[in-house]
Amino acid sequence: QVQLVESGGGWVQAGGSLRLSCAASGIIFSIRGMGWYRQAPGKQRELVAAITSGGSTNYADSVKGRFTISRDNAKNTVYLQMNSLKPEDTAVYYCNAEMRTSQGWSDDYWGQGTQVAVSS
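Treat the numbers as computed from the prediction; the structure is a model and nothing was measured. (Residues numbered from 1 in each chain as written. Predicted model: local features only at pLDDT ≥ 70, side-chain atom pairs only at ≥ 80, totals over all residues. Heavy atoms only, no water.)

## Side note on the nonpolar core
Short version of the rule: Throughout this description, the term nonpolar core refers to a set of buried Ala, Val, Leu, Ile, Met, Phe, Trp, Tyr and Cys residues connected via side-chain atoms within 4.5 Å. Think of it in three bands: residues with accessible area under 20% of the maximum for their type are buried, residues over 50% are exposed, and the middle band is partly exposed, with areas taken using a 1.4 Å probe on protein chains only. Each helix is a run of DSSP H or I of at least 4 residues and each strand a run of E of at least 2, with the numbering of both proceeding from the N terminus.
Core analysis: the biggest nonpolar cluster contains 30 residues, and W36, L80, M82 and Y93 have the highest contact counts within it. At the level of elements, β3 (18-25), β4 (30-39), β5 (46-51), β7 (67-72), β8 (77-82), β9 (91-101) and β11 (114-119) are the ones that each hand at least two residues to this core. Of the residues forming this core, the biggest block, five residues, is contributed by β9.

Below is the structure:
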């Protein structure tokens, strides 16, 4: 069974840092884009950062200069380094990937979500 498993969330004070990880497991033939989304209470899920298989990245304006996305293709893992965290970064963070499995290509693979809470 193909799945994305996240780790690294938690509680931190404003100005602190956290690093999220997301590992894809199962029979995976190839992975294209990987990314991180977040959803705060009462708000829609939004893209935080994304990275292509070649390493090109894009970020939400609200996190530029503070967050860094990276990936290890050999480990099928994507990371999100979050620095200078603010209370408004509080949300459940979800990993997403576009993968080719025995079912073909799909971008509808999601992790279970990891909570990030930033106190002021």
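There's plenty left to go through after this.
## What to know about the side chain of T114
In this fold, T114 is placed in strand β11. Since its relative accessible area comes to 11%, T114 is described here as buried.

## Regarding the packing of aromatic side chains
The condition that has to hold: The rule is short: rings of Phe, Tyr and Trp, with Trp giving its six-membered ring, pair when the centres are within 6.5 Å, and they are stacked under 30 degrees, edge-to-face over 60, tilted in between. Our definition puts a charge over a ring when NZ of Lys or CZ of Arg is within 6 Å of the ring centre and also within 35 degrees of the ring normal.
Enumeration over the complete set of coordinates arrives at one aromatic pair. Considering the side-chain rings of Y37 and W110, the 5.0 Å spacing of their centres and the 65° angle between planes classify their relative orientation as edge-to-face. Of the two residues, Y37 is situated in strand β4 and W110 in strand β10 (residues 104-110); the sequence distance between them amounts to 73 residues. Relative accessible area serves as the criterion here: at 24%, Y37 is assigned to the partly exposed category. Residue placement shows R32 over the ring face of W105; its charged tip is 3.8 Å from the ring centre. The residue whose ring lies beneath R45 is W110, and the NZ or CZ to ring-centre distance is 4.7 Å.

## Remarks on the sheet that holds β7
Using the following cut-off: Strand pairing follows a simple DSSP-based rule, namely that at least 2 bridges must link the two strands. All axes are obtained by fitting lines to C-alpha atoms, using only the stretch in contact for helices, and the reported angles, taken between N-to-C directions, cover 0 to 180 degrees.
Taken together, four strands build an open sheet; the order of strands is β1-β3-β8-β7 and the sheet is antiparallel. Since the sheet does not close on itself, it has two edges, and those belong to β1 (3-7) and β7, each with one partner. Across this sheet, the average inter-strand angle for adjacent strands is 15°, counted without regard to direction. Alignment of β3 against β8, held across six bridges, turns out to be antiparallel. Bridging across to β8, S21 finds its partner in Y79.

## Looking at the pairing of β9
Sheet faces and side chains relate simply in a regular strand, where the side chains alternate between the two faces. Most of β9 is tucked away: eight of the 11 residues are buried. Taken together, the eight bridges between β4 and β9 define a ladder with antiparallel strand orientation. By the bridge assignment, S30 is partnered in β9 with R100. In terms of strand pairing, β9 meets β11 through three bridges, oriented antiparallel. Note on β11: the bridge partner recorded for Y93 is T114. As paired elements, β9 and β10 share five bridges and run antiparallel to each other. Across the sheet, the residue bridging to T101 is G104, located in β10. Remark: two residues form the turn of the hairpin made by β9 and β10, two consecutive strands paired antiparallel.

## Structural notes on the environment of D108
Condition: N or O atoms within 3.5 Å of each other form a polar contact, as long as, within protein, one can give a hydrogen and the other can take it, and as long as residues adjacent in sequence are counted only when both atoms are side-chain atoms.
In this structure, D108 sits in strand β10. Residue class for D108 comes out exposed when judged on its relative accessible area of 55%. Remark: the alpha-carbon pair of D108 and A97, spanning 11 residues in sequence, is separated by 7.1 Å. Of note is the side chain of D108, whose polar atom sits 3.1 Å from the side chain of W110.

Shape is all these values report; function is a separate question.
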